[in-house]
Amino acid sequence: MLNRYALTDPEFAERAQRFACEEVARDAEAALDGDTRHLAILAALVGSQSKEVYREMLPLALDAGLSPVAVKEMVYQAVDYLGLGRVLPFLDITNEVFALRGIALPLEGQATTTMDDRLEKGAQAQAAIFGEQMLEAWKAGTVNRWLAANCFGDYYTRTGLDLKARELITFCFLAAQGGCEPQLKGHIRGNLNVGNDKRTLLTVITQLLPYVGYPRSLNAIACLNEVAPGNE
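*Asks:* Can you tell me about the overall build of the protein, naming the residues and giving the values?
*Replies:* From N to C terminus, the protein includes eleven helices and zero strands. Ordering the α and β elements of the protein from the N terminus gives α-α-α-α-α-α-α-α-α-α-α. The globule rule puts the C-alpha radius of gyration for 232 residues at 17 Å, and the 18 Å found for the protein is close to it. Taking the principal axes of its C-alpha atoms as reference, the protein extends roughly 60 × 45 × 30 Å. For the protein, the proportion of contacts with a sequence separation of at least 24, taken over those separated by at least 6, is 71%. Summing over all exposed atoms, the protein offers an accessible surface of approximately 11,500 Å²; the carbon and sulfur share of this is 54%. Charged side chains in the protein number 22 positive and 29 negative. The centres of these two groups are separated by 3 Å.

Right, here's the structure in full:
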């Protein structure tokens, strides 16, 4: 990733490459399975709007075995947390990389809802993550209704990623973009509810640190400790 700086910035390239690709990636206390690590990093790069690095990291993730479907599902879901304007460039990059690798598009469809049942099934997905009270939460107003129908009904109900993976990438989107601490805390609770424990989330933050920096990493750790104090 940093090899192109070897001649112009050799000292920087040596230290940055060693830290991101060796020290952090291989740390025994921060180990993640390959798919989870690559998916989390790609989600954080989308969250932090790091288009050039995303373009470089995506082929590495695919080479390591991350499925094209998982990548596309991550990009699609990012729209709800970053908006179309910030996500479409990453969809373009993804399609370009897939085309260069001979990955036929469109990929197999993953939708499980229709425009008629997306609200109901979206509320059910919210309830599966955050509790039964979410079955009625959509009635609180227009944005709440769209949250259930669009965010959860259109995206969380899709196959290709399970709820644990979807909550994890949401955690990455929010931690990486910063300024979303209330939502980050809410989705930390969601992650804990679906089985991504505190240790997993702390490990994810550790793996993301080279890509999002210390301030956002420390903010995410502070949110995690507030929501789950002493809960390993």
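*Asks:* Could you give an account of the nonpolar core, with specific residues and numbers?
*Replies:* Counting 58 residues, the largest nonpolar core has Leu42, Tyr54, Met74 and Phe173 as the members making the most contacts within it. Among the elements that line this core, the one with the most residues is helix α8 (residues 163-177), at nine residues. Each residue touching Met74, except ones within four places of it in the same chain, is listed here: Leu39, Leu42, Ala43, Val46, Tyr54, Leu161, Ile169 and Phe173.

*Asks:* Talk me through helix α2 (residues 34-47); I want residue IDs and the actual numbers.
*Replies:* When the terminal C-alpha atoms of α2 are compared, their 20 Å separation across 14 residues agrees well with the 20 Å that a helix rising 1.5 Å per residue should span. Where the residues of α2 are buried, they touch α1 (10-24), α3 (51-63), α4 (68-82), α5 (84-100), α8 and α10 (198-212). Backbone nitrogen of Asp35 and a side-chain oxygen of the N-cap are separated by 3.3 Å at the start of α2; the cap is Asp33. Once α2 finishes, Gln49 follows within two positions and takes phi at roughly 65°, a positive value.

*Asks:* Give a description of the packing of aromatic side chains that names residues and reports values.
*Replies:* Ring pairs (aromatic) are described by centroid distance and by the angle formed between their planes. For the structure on display, the rule yields five aromatic pairs. Measuring from centroid to centroid gives 6.3 Å for Tyr5 and Phe12, while their planes differ by 80°, and the two rings are edge-to-face. Residue classification places Phe12 among the partly exposed positions, given a relative accessible area of 48%. Three or more aromatic residues joined by ring pairs form one cluster here, namely Phe130, Phe152 and Tyr156.

*Asks:* Tell me about the pattern of salt bridges, residues and numbers included.
*Replies:* Applying the stated criterion across every chain yields a total of ten salt bridges. The partner of Arg101 in a salt bridge is Asp63, with the nearest N and O atoms 2.5 Å apart. Here Arg101, found in the loop between α5 and α6 (118-130), pairs with Asp63, found in helix α3; they are 38 residues apart in sequence, far enough to count as distant. We note a salt bridge from Lys121 to Asp117, for which the minimum N-O separation is 3.4 Å. On the basis of relative accessibility, which here comes to 18%, the residue Asp117 falls in the buried class. Among the ionic contacts, a cluster of salt bridges with common partners joins Glu73, Arg158 and Arg166.

*Asks:* I'd like a description of the packing of α2 against α4, backed by residues and values.
*Replies:* For the pair α2 and α4, interaxial distance at closest approach is 10 Å and the crossing angle is 35°. Our pair here, α2 against α4, has a crossing hand that is right-handed. Contact with α2, carried on its side by Leu39, Leu42, Ala43, Val46 and Gly47, involves Ala70, Val71, Met74, Ala78 and Leu82 of α4 and no other residues of that element.

*Asks:* Give me α6: which residues, what numbers.
*Replies:* Side chains of residues three or four places apart in an α-helix project in the same direction, reflecting 3.6 residues per turn. With 13 residues, α6 extends 18 Å between its outermost C-alpha atoms, agreeing within 8% with the 18 Å of an ideal straight helix rising 1.5 Å per residue. Looking only at α6, the buried set comprises Arg118, Gly122, Ala123, Ala125, Gln126, Ala127 and Ile129. Considering only its buried residues, α6 is in contact with α7 (142-156), α8 and α9 (181-194). Gly131, located one to two residues past α6, shows a positive phi value of around 115°.

*Asks:* Could you give me a rundown of the side chain of Gln110, with the residues and numbers involved?
*Replies:* When you line up the elements, Gln110 lands in the loop between α5 and α6. Gln110 gets classed as buried once you look at its relative accessible area, which sits at 10%. Reaching out from Gln110, the side chain makes a polar contact with the side chain of Thr159 at a distance of 2.5 Å.

What counts, and at which threshold
Residues numbered from 1 in each chain as written. Predicted model: local features only at pLDDT ≥ 70, side-chain atom pairs only at ≥ 80, totals over all residues. Heavy atoms only, no water. Helix = DSSP H or I, 4+ residues; strand = E, 2+ residues; numbered from the N terminus. Rg over C-alpha atoms; globule rule 2.2 N^0.38 Å. Contact = heavy atoms within 4.5 Å. Areas by Shrake-Rupley, 256 points an atom, 1.4 Å probe, with all protein chains shown as cover. Lys, Arg positive; Asp, Glu negative; His and termini not counted. Charge placed at Lys NZ, Arg CZ, Asp CG, Glu CD. Core = buried A, V, L, I, M, F, W, Y, C linked by side-chain atoms within 4.5 Å. Buried < 20%, exposed > 50% of the residue type's maximum accessible area, 1.4 Å probe, protein only. Expected span 1.5 Å × (residues − 1). Polar contact = N/O pair within 3.5 Å; in protein donor to acceptor, adjacent residues only side chain to side chain. Phe/Tyr/Trp six-rings, centres within 6.5 Å; stacked < 30°, edge-to-face > 60°. Salt bridge = Lys/Arg side-chain N within 4 Å of Asp/Glu carboxyl O. Axes fitted to C-alpha atoms, helices over the stretch in contact; angles between N-to-C directions. Left-handed = near helix turned anticlockwise from the far one by under 90°.

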